[in-house]
Structure formats: C-alpha cells, structure tokens
Amino acid sequence: QVQLVESGGGLVQAEGSLRLSCAASGRTFVRYAMGWFRRAPGKEREFVAAIIWSGDATYYADSVKGRFTISRDNAKNTVYLQMNSLKPEDTAVYYCAASPRNYGLSQSMQYNYWGQGTQVTVSS
C-alpha cells in the first residue's frame, strides 16, 4: 500500500555532511508521520528522528540533536534527513518509516511501513 525508498547514503569523513531522502508512494503519505531509524554494527535498531503529518513538530534522539534535521515535503511525497557534523559513531544503515500516529514516534513498533535502508559510513 505504501512503499518507501531511501537514497543519499555513502562514505563521508568525520565532520562532513550528507542528506538522506525517502520517497514514498501513494496519496496517503500526507496522513502519515515519518521517522528515521538506524542500525549500527553490532547494535540494535535505534530511533533517530521523526516528524508529524503537518511537519509542525519534530523529535530527535539526544545523540543527534543540533546536528541532524528532519523535514518533509508532502507535495513531493518525500522526507529528508540532513546530517551535519557527522561522527564515526553515526555509521549505520539508516531506515525511513511511516506511522499512522503522531505520538510514540520513538518506538519502532508504531510504524507500519519501512524502506530498504541506506548505508552511511563515517570515517575518522
């Protein structure tokens, strides 16, 4: 019903920047909150950032506050994650996800649809 495709990952030096994009299919995109999660080597999947339907509220993990920015363009059915001042510990596979709710968005179980993931590697 909803398909999500991430892009923009790659290799970057510490202190560098990347912008991830997540393109969603279907007209129902505007009714979904969107989130970004990541899975680092040897660790469980963790919450990174989320944005509600209207885009008027955003949420971030403490580890990325002040460095990452989530945004969305509903007309383009796309959500973005701008990542600045990257650190080696940001290395992970990054996933976008869609949720029918505007609360509890730090919990992966709130999301109904997931993208395939895009690799981000930050070298020291």
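Thresholds, definitions, all that
Residues numbered from 1 in each chain as written. Predicted model: local features only at pLDDT ≥ 70, side-chain atom pairs only at ≥ 80, totals over all residues. Heavy atoms only, no water. Phe/Tyr/Trp six-rings, centres within 6.5 Å; stacked < 30°, edge-to-face > 60°. Helix = DSSP H or I, 4+ residues; strand = E, 2+ residues; numbered from the N terminus. Buried < 20%, exposed > 50% of the residue type's maximum accessible area, 1.4 Å probe, protein only. Lys NZ or Arg CZ within 6 Å of the ring centre and 35° of its normal. Salt bridge = Lys/Arg side-chain N within 4 Å of Asp/Glu carboxyl O.

Trainee: How do you make sense of the packing of aromatic side chains when you look at a structure like this?
Mentor: Aromatic rings considered in pairs are described by the distance between their centres and by the relative angle of their planes. With the rule as written, the count across this model stands at 5 aromatic pairs. Aromatic side chains phenylalanine 37 and tyrosine 111 sit 5.1 Å apart centroid to centroid with 85 degrees between the ring planes, which places their arrangement in the edge-to-face category. In this pair, phenylalanine 37 sits in strand E4 (residues 33-39) while tyrosine 111 sits in the loop between strand E9 (92-99) and strand E10 (113-114), placing the two residues 74 residues apart along the sequence. The exposure class assigned to phenylalanine 37 is buried, which follows from its relative accessible area of 1%. For tyrosine 111, a relative accessible area of 5% puts it in the buried group. Joined through ring pairs, the aromatic side chains of Phe37, Phe47, Tyr111 and Trp114 make up one cluster. Across the ring face of tryptophan 114, the terminal group of arginine 45 is positioned such that the distance to the ring centre comes to 4.3 Å.

Trainee: In this structure, what is going on with the pattern of salt bridges? I would like to understand it.
Mentor: Between side chains of opposite charge, pairing is possible as soon as their charged atoms come close. Applying the stated criterion across every chain, the model contains 4 salt bridges. Put simply, glutamate 46 and arginine 38 hold a salt bridge, and the shortest N to O gap is 2.7 Å. Accessibility expressed as a relative area gives 34% for glutamate 46, which makes it partly exposed. With relative accessibility at 5%, the residue arginine 38 sits in the buried group. One salt bridge in this structure joins arginine 67 and aspartate 90, with 2.8 Å as the shortest N-O distance. Placement of the pair is arginine 67 in the loop between strand E6 (58-60) and strand E7 (68-73) and aspartate 90 in the loop between strand E8 (78-83) and E9, with a sequence separation of 23 residues. Arginine 67 sits in the buried class, given a relative accessible area of 11%.

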